[in-house]
2 protein chains.
Amino acid sequence: MDILSKAKNIKDCIHMEIGEPDLEPPPSVYENLERAIKEKRQGYTPSLGIKELREKIAEHYYRFYGVEISPERIAITPGTSGAFTVAYTLLATDGDKIGLTDPSYPCYKNIARILGFEPLFINTKEENGYKLKPEEIPDNIKVLHISSPVNPTGAVYGKEEIKRIVEVCHEKGIYLISDEIYHGLIYEKPYTTALAFSDYVIVINGFSKFFCMPGFRIGWMILPERLVRKAEIIIQNMFISTPTLSQYAALGAFDYEYLNKIRETFKRRRDILYNGIKDFLDIKVHPEGAFYLWVKTERFHKDSLKLSKEILEKARVAVTPGVDFGENETKKYIRLSYTRREEELKEGIERLREFFSNYDSRK
Amino acid sequence: MDILSKAKNIKDCIHMEIGEPDLEPPPSVYENLERAIKEKRQGYTPSLGIKELREKIAEHYYRFYGVEISPERIAITPGTSGAFTVAYTLLATDGDKIGLTDPSYPCYKNIARILGFEPLFINTKEENGYKLKPEEIPDNIKVLHISSPVNPTGAVYGKEEIKRIVEVCHEKGIYLISDEIYHGLIYEKPYTTALAFSDYVIVINGFSKFFCMPGFRIGWMILPERLVRKAEIIIQNMFISTPTLSQYAALGAFDYEYLNKIRETFKRRRDILYNGIKDFLDIKVHPEGAFYLWVKTERFHKDSLKLSKEILEKARVAVTPGVDFGENETKKYIRLSYTRREEELKEGIERLREFFSNYDSRK
């Protein structure tokens with residue numbers, strides 16, 4: 001946060017700290033939005049969301065993954081953030097441990113703590129591509145919350161890997177939450193949803209990344225049938241419903257031709273950034289999804305928070321220090337986002353190259 | 001909920017259960033919305049909300065109440081529901097007691113429980129106009145959460161009453177949350193905000209009632225200065241930010257001439273409903289605000305949930321049974337909303353008149 005607010009005051013700063021796409025959503029999003037405005041859709045919706053959108057999402061699972069899901073199992077939420085709160089509240093009670101991979105999205109642990117649960121970090125190793133091995137799943141957790149692609153590493157779990165994690169969770173009686181918000185932004189690997197292997201997991205996804213609708217604050221969750229009614233009650237109480245216009249706008253989000261172009265744009269940017277820095281910075285695992293690179297900066301500075309401040313001040317490039325993503329190795333890393341135009345990325349690469357080639361690591 | 005879903009299946013049902021205005025927001029809301037769409041405002045906003053809206057709200061406090069508030073103390077939230085979560089999380093820790101008036105809005109207790117706090121109901125008496133007396137504030141609560149006007153009773157606290165509650169809370173070291181969501185819908189009485197008497201209370205308000213923007217899911221909270229940064233962190237983690245288009249739309253909400261017409265409409269409806277039923281139903285306290293009547297049905301049936309089902313089935317009028325609003329006397333009451341057109345209200349009155357004149361209370 002410190003770095004973010006400082007970065008705002010630097011006029012020609014290159015922003016590699018931002019986890020928000022700069023691209024526009026499919027044009028049909030705005031067409032649907034305009035129609036909803038004309039129809040004066042200003043009231044609350046049912047807590048689980050409008051029927052049309054739940055049906056569209058079910059259809060998406062069939063078209064995208066070949067998986068059949070009943071719309072009845074889908075709840076629309078105010079962003080994936082809202083879905084995390086609902087999922088934790090559904091599955092855990094006070095003091096329960098929620099297993100998180102280390103590193104992972106900082107809001108997981110923060111929301112867990114706010115709700116009275118205890119996050120338990122499971123370190124994912126460099127040699128395993130920053131991915132959790134099924135045998136590393138501890139026994140003493142109530143819930144395991146994973147994501148693929150992973151923010152901040154860009155790691156993507158393979159089908160077999162997801163399948164084994166689902167199985168081990170079932171064997172151990174651990175609830176599994178699979179955050180799939182970066183699905184669509186996977187660049188080479190075949191991939192699938194955890195729902196392909198079980199109906200007894202909670203899958204969370206939303207419109208903020210691949211669909212480029214962050215400010216609309218809309219996500220969804222797919223629940224085991226027996227949890228739907230409980231989820232409805234939590235949503236009703238905590239949120240009433242998800243913003244109405246956002247729900248109608250999202251009906252236009254599933255334009256696959258357009259979405260493919262979004263994927264291609266991010267893939268090109270990833271290649272530019274990765275190829276541009278890999279000779280002078282340490283990227284231990286090739287990033288396969290999302291829009292982040294996880295860069296090991298230990299050989300320059302043991303504390304990447306301090307290093308990030310130096311990078312901002314001297315190179316005028318804003319990066320995210322790793323510390324907030326976990327508690328094991330994260331101080332040795334920074335995260336770079338490729339959510340800006342190619343020219344900006346190229347300028348950022350040059351600034352980083354110059355900064356690091358002159359960097360005195362002995363200090 | 002049961003009644004709500006049954007009511008939907010009755011074709012010519014008169015809806016007196018709905019807590020959502022049927023009127024349109026000021027036209028400038030849609031003008032601002034269209035401008036924001038043209039400007040492609042699709043990204044996240046700062047967690048506390050856009051500066052322009054925080055300034056507008058500060059201005060509103062000056063124009064509406066003559067109270068000066070720094071925009072820096074204002075946080076925009078996803079509805080008042082979002083604000084309750086933030087406020088409870090800010091002020092209480094696990095197991096703390098949150099004092100609520102009985103009756104009060106059911107989501108208070110539900111959100112408190114979801115977050116791990118213990119709601120403590122303080123019964124407000126008929127002879128006190130269903131209002132909390134300062135001397136009734138218990139010592140063993142961490143937070144007192146009041147609202148004025150009160151949902152479901154329509155009771156409105158006077159200036160002196162609010163002032164004394166603020167003072168007693170300060171004396172006892174209890175945090176005060178004042179939910180002012182129905183402000184603007186007070187029909188005769190002079191009124192004020194709790195902020196007129198102290199900077200050390202949390203005031204919650206929003207755009208869903210008086211401003212007629214429920215589906216936009218946008219509210220605000222005014223915080224003591226030293227809590228703003230903590231609130232920002234909670235909002236950042238739990239919500240990221242409030243829907244962007246809703247924030248821009250809300251810039252157009254402060255059209256006082258239009259809003260006066262909204263107030264007049266609801267006042268007229270209140271008079272029609274109140275005068276229409278007061279001869280055959282028991283309304284113990286004249287409702288001064290919001291859009292609800294709190295009707296004591298004890299002499300007809302000791303359990304208003306069962307009575308409500310009978311009313312729905314026989315009179316085809318949907319009403320809200322009192323039970324969910326508290327735990328002391330609420331089974332003796334039903335809540336009627338006047339959120340529908342005058343003709344509908346009149347038809348509802350006739351149906352209720354017929355139902356109750358034939359009602360066999362001895363059964």
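Residues numbered from 1 in each chain as written. Chains lettered and ligands numbered in written order. Predicted model: local features only at pLDDT ≥ 70, side-chain atom pairs only at ≥ 80, totals over all residues.

1. What to know about the interface of chain B and chain A
Put simply, the rule is: The contact rule is simple: place each C-beta atom from the backbone, and if two of them lie within 7 Å, those residues are in contact. Secondary structure counts use DSSP, requiring at least four H or I residues in a row for a helix and at least two E residues in a row for a strand, with both numbered from the N terminus. When residues are grouped by polarity, Ala, Val, Leu, Ile, Met, Phe, Trp, Tyr, Cys and Pro land in nonpolar, Asp, Glu, Lys and Arg in charged, and all others, Gly among them, in polar.
Contacts between the two partners involve 38 residues from chain B and, on the opposite side, 38 residues from chain A. Listed by contribution, the elements that provide at least two residues to the side of chain B that touches chain A are helix 2 (27-38), helix 4 (79-91), helix 5 (106-114), helix 7 (228-238) and helix 8 (244-250) of chain B. Tallied by class, residues from the side of chain B that touches chain A come to 19 nonpolar, 13 polar and 6 charged.

2. Some remarks on the domain arrangement of chain A
Residues and elements named next belong to chain A. How we decide: In this entry, domain limits derive from an automatic or database-based domain assignment.
Split into domains, chain A comes out as domain 1 (2-24 + 256-355) and domain 2 (28-250). Counting residues at the interface gives 30 residues for domain 1, matched by 27 residues for domain 2. At the level of elements, helix 9 (256-277) and strand 9 (292-296) are the ones that each hand at least two residues to the side of domain 1 that touches domain 2. Per-element tally for the side of domain 1 that touches domain 2: the top contributor is helix 9, with 6 residues. In terms of residue class, the side of domain 1 that touches domain 2 is built from 13 nonpolar, 6 polar and 11 charged.

3. Here we look at the relation of the copies chain B and chain A
Our working definition: To line up the copies, we fit them by least squares on C-alpha atoms, keeping just the residues with pLDDT of at least 70 in both.
You can overlay chain B on chain A at an RMSD of 0.0 Å; the transform is a turn of 180 degrees with a shift of 0.0 Å along its axis. Here the transformation between the copies is reduced to the relation of a two-fold axis. In terms of proximity to the rotation axis, the leading residue of chain B is Leu115(B), whose C-alpha is 2.7 Å off the axis. The residues that chain B uses at the interface reappear at the interface of chain A in 100% of cases, marking a shared surface.

4. Here we look at the sheet that holds strand 9 (residues 292-296) of chain B
Residue and element names in this part refer to chain B. Keep this limit in mind: Pairing between two strands requires that DSSP report at least two bridges joining them.
Taken in spatial order, the 3 strands of this open sheet run 9-12-11, and their pairing is antiparallel. Every interior strand has two partners, whereas the edge strands, strand 9 and strand 11 (320-321), have only one. Looking at chain direction, strand 11 and strand 12 (residues 333-337) are connected through 2 bridges and run antiparallel. When the bridges of strand 12 are listed, Thr320 appears paired with Arg335.

5. Some points on the packing of helix 10 (residues 304-315) of chain A against helix 11 (residues 342-357) of chain A
Residue and element names in this part refer to chain A. How we decide: Note on definitions: angles span 0 to 180 degrees between N-to-C directions of axes, and those axes are lines fitted to C-alpha atoms, for helices only across the stretch in contact. Note on angle classes: values under 35 degrees are labelled roughly parallel, values over 145 roughly antiparallel, values of 65 to 115 roughly perpendicular, and the remainder oblique. Crossings are sorted by hand: turned counterclockwise from the far helix by less than a right angle, the near helix makes the crossing left-handed, and turned clockwise it makes it right-handed.
Two elements in contact, helix 10 and helix 11, have axes whose closest approach is 10 Å; the angle formed by their N-to-C orientations is 110 degrees. By the criterion of interaxial angle, the relationship of helix 10 to helix 11 is roughly perpendicular. Considering only the axes of helix 10 and helix 11, their crossing is right-handed. Here helix 10 contributes Ile311, Lys314 and Ala315 to the contact with helix 11, which in turn contributes Arg351, Leu352, Glu354 and Phe355.

6. A look at the sheet that holds strand 7 (residues 202-206) of chain A
Residue and element names in this part refer to chain A. Read from one edge to the other, the open sheet built from 7 strands follows the order 2-8-7-6-5-3-4, with strand pairing classed as mixed. Edge positions in the sheet fall to strand 2 (74-77) and strand 4 (118-123), since each of these pairs with one other strand and no more. Shown here is a sheet whose adjacent strand axes are inclined to one another by a mean of 25 degrees, direction ignored. Where strand 5 (residues 143-147) meets strand 6 (residues 175-179), 5 bridges bridge the pair, whose relative direction is parallel.

7. A closer look at the packing of helix 4 of chain B against helix 7 of chain B
The relative placement of two packed helices is expressed as an angle between their axes plus a distance between the axes. All names here are of chain B. Two elements in contact, helix 4 and helix 7, have axes separated by 10 Å at closest approach and are oriented at 125 degrees. Compared by their axis directions, helix 4 and helix 7 come out oblique. With respect to the hand of their crossing, helix 4 and helix 7 are arranged in right-handed fashion. Listed contacts from helix 7 to Thr85, Val86, Thr89 and Leu90 of helix 4 are Lys230, Ala231, Ile234, Ile235 and Met238.

8. Topic: the pairing of strand 12 (residues 333-337) of chain A
Residue and element names in this part refer to chain A. Heads up, the rule is: Exposure classes come from backbone-placed C-beta atoms, where a residue is buried if 20 or more other C-beta atoms lie within 10 Å of its own, exposed if 12 or fewer do, and partly exposed in between.
Summarising burial for strand 12: 5 of the 5 residues are buried, a large majority. Alternating positions in strand 12 separate into two faces, Tyr333, Arg335 and Ser337 on one and Ile334 and Leu336 on the other, with burial throughout. Looking at chain direction, strand 9 and strand 12 are connected through 5 bridges and run antiparallel. Across the sheet, the residue bridging to Val295 is Ile334, located in strand 12.

9. Observations concerning the pairing of strand 5 (residues 143-147) of chain B
Residues and elements named next belong to chain B. Quick reminder of the rule: For crossovers, right-handed means that the path from the first strand over the helix to the second runs clockwise, given strands pointing away from the viewer.
Buried residues dominate strand 5, accounting for 5 of its 5 residues. Side chains Val143, His145 and Ser147 project from strand 5 onto one buried face, and the interleaved Leu144 and Ile146 project onto a second face that is buried too. For strand 3 (residues 97-102) and strand 5, the ladder comprises 3 bridges, and the chain directions are parallel. The partner of Gly99 across the bridge, within strand 5, is Leu144. Read from strand 5 through helix 6 (residues 159-172) to strand 6 (residues 175-179), the crossover connection turns out right-handed.

10. Describing the environment of Glu126(B)
Residue and element names in this part refer to chain B. Counting through the fold element by element, Glu126 comes out in the loop between strand 4 (118-123) and strand 5. Along the backbone, Glu126 and Val285 are 159 residues apart, and their C-alpha atoms lie at a distance of 7.2 Å. Once residues within four sequence positions are removed from consideration, Glu126 is found in contact with Lys284 and Val285.

11. Here we look at the environment of Thr124(B)
Residue and element names in this part refer to chain B. Its location among the elements puts Thr124 in the loop between strand 4 and strand 5. On the basis of neighbour counts, which here come to 24 C-beta atoms within 10 Å, the residue Thr124 falls in the buried class. Not counting residues within four places of it along the chain, the set of residues in contact with Thr124 comprises Thr101, Asp102, Tyr130, Lys131 and Leu132.

12. Here we look at the environment of Glu313(B)
Residue and element names in this part refer to chain B. Inspection of the secondary structure assignment puts Glu313 in helix 10 (residues 304-315). Note on Glu313: 10 C-beta atoms within 10 Å, which makes it exposed. Between the alpha carbons of Glu313 and Ala231 there is a distance of 46 Å; along the sequence they are 82 residues apart.

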